[in-house]
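Next come the chains, spelled out residue by residue.
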Amino acid sequence: MTVEHSLPPVLDLRPVAHRAEPVKGQTPVGRFVRLSEGLPELSGDLLVTWRAHAEWRAPLAGEPALWLHVQAHGAVPQICQRCLHPFAAEVAVDRWFRFVADEATAAQEDDESEEDVLVLEPRFDLQALIEDELLMALPLVPMHEVCPTPVKTTAGVLEEAAPDDKPHPFAALAALKKGHPG
Ligand SMILES: [Zn+2]
């Protein structure tokens, strides 16, 4: 199934919650201007796949509240801090938001709640929210799991990027178990 590239829309969440249908799409990373600022160039079309689902929930007491579940994942170009080469880092977001009427309530309830509390606005900028979340989900120290090229250390010695002589943790465990049967 192919999904057309689209930007997360600015929308009124109330009718969206009423329809109970998720809003979803795929957006090239470059369309998130703040996210892609200063990022290295990578070949290929890097995409963020996102999905937002709004629903009304009625608490035991009080007014029904609007909740929003936002999920996004994609590959964002980063510079590996070990080998200094650009690579596509996997980034994922999965978060719930609850909406309240005004800033004062949001500030007060955000501290007490597990979910994030936001102010319900008639024109809600889903793209800005997804971009904020992606920015927060970026790795603090981006690094390849295994660098594709040997790393040059400060001493000028070439170190193998993926050493094969490293003892395997499970091998060590197996050896340990062998010594202590039962
Ligand atoms: Zn690397």
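Our structure's up above, just so we're on the same page.
Overview of the structure. (Residues numbered from 1 in each chain as written. Predicted model: local features only at pLDDT ≥ 70, side-chain atom pairs only at ≥ 80, totals over all residues. Heavy atoms only, no water.)

## Here's the deal with the pattern of salt bridges
Threshold: The term salt bridge refers to a pairing of a side-chain nitrogen on Lys or Arg with a carboxyl oxygen on Asp or Glu at a separation within 4 Å. Numbering goes from the N terminus for both helices and strands, where a helix is a DSSP run of H or I of at least four residues and a strand is a run of E of at least two.
If you walk through the whole model with that rule in mind, you get eight salt bridges. Here D132 makes a salt bridge to R34, at a shortest N to O gap of 2.8 Å. Taken together, the positions of D132 in helix 4 (residues 126–137) and R34 in helix 2 (residues 33–36) put the pair 98 residues apart, joining distant regions of the chain. Across the salt bridge formed by E133 and R95, the nearest N and O atoms sit 3.1 Å from each other. Here R95 lies in strand 5 (residues 86–100) and E133 lies in helix 4, a separation of 38 residues in the sequence.

## Focus on helix 3 (residues 103–112)
This is how it is decided: Working definition: with a 1.4 Å probe on protein chains only, accessible area under 20% of the residue-type maximum means buried, over 50% means exposed, and in between means partly exposed. Polar contacts, as used here, are pairs of N or O atoms within 3.5 Å; protein pairs need one atom able to donate a hydrogen and one able to accept it. Residues neighboring in sequence count only if both atoms are side-chain atoms.
Buried residues are scarce in helix 3, accounting for one of its ten residues. A distance of 3.2 Å separates the backbone nitrogen of A104 from a side-chain oxygen at the start of helix 3, and that oxygen is part of D102.

## Things to note about the sheet that holds strand 6 (residues 116–119)
For clarity, the cut-off: We call two strands paired when DSSP finds no fewer than two bridges between them. Between N-to-C directions, angles cover 0 to 180 degrees, with each direction set by a line fitted to C-alpha atoms, over the stretch in contact for helices.
Within the open sheet, the five strands sit side by side as 2-3-4-5-6. Their pairing is mixed. Whereas interior strands pair on both sides, the edge strands pair on one side only; in this sheet they are strand 2 (23–28) and strand 6. Each strand of the sheet is rotated relative to its neighbour by a mean of 30°, with strand direction disregarded. Relative to strand 6, strand 5 runs parallel, the two sharing four bridges.

## Thoughts on the pairing of strand 4 (residues 65–79)
Counting buried positions over the 15 residues of strand 4 gives twelve, a clear majority of the element. Pairing between strand 3 (residues 47–57) and strand 4: ten bridges, direction antiparallel. In the strand pairing of strand 4, R51 is matched with Q71. Where strand 4 and strand 5 come together, 14 bridges link them in antiparallel fashion. Each residue of the ladder has a partner; that of Q78, found in strand 5, is F87. Counting the residues in the hairpin turn of strand 4 and strand 5 gives six residues, including L84, whose phi is positive at 65°.

## Describing the coordination of the zinc ion
How we decide: In this listing, donors mean N, O and S atoms no farther than 2.8 Å from the metal, or 3.2 Å for Na, K and Ca; water is missing from the atoms, so a site can look incomplete. Each label reflects the angles at the metal, where four donors whose angles all fall between 85 and 135 degrees are tetrahedral, four or six donors whose opposite pairs open beyond 155 degrees and whose other angles stay between 65 and 115 are square planar or octahedral respectively, and the rest are irregular.
Distances from the zinc ion to its protein donors, C80 (SG), C83 (SG), H144 (ND1) and C147 (SG), fall within 2.0 to 2.4 Å. Each of the four donor atoms around the zinc ion contributes to a set of angles spanning 104 to 120°, which defines the coordination as tetrahedral. Here the donor residues of the zinc ion share one chain and are spaced in sequence as C-x2-C-x60-H-x2-C. Under the relative-accessibility criterion, H144 is labelled buried at 14%. Among the residues examined, C147 registers a relative accessible area of 4% and is labelled buried.

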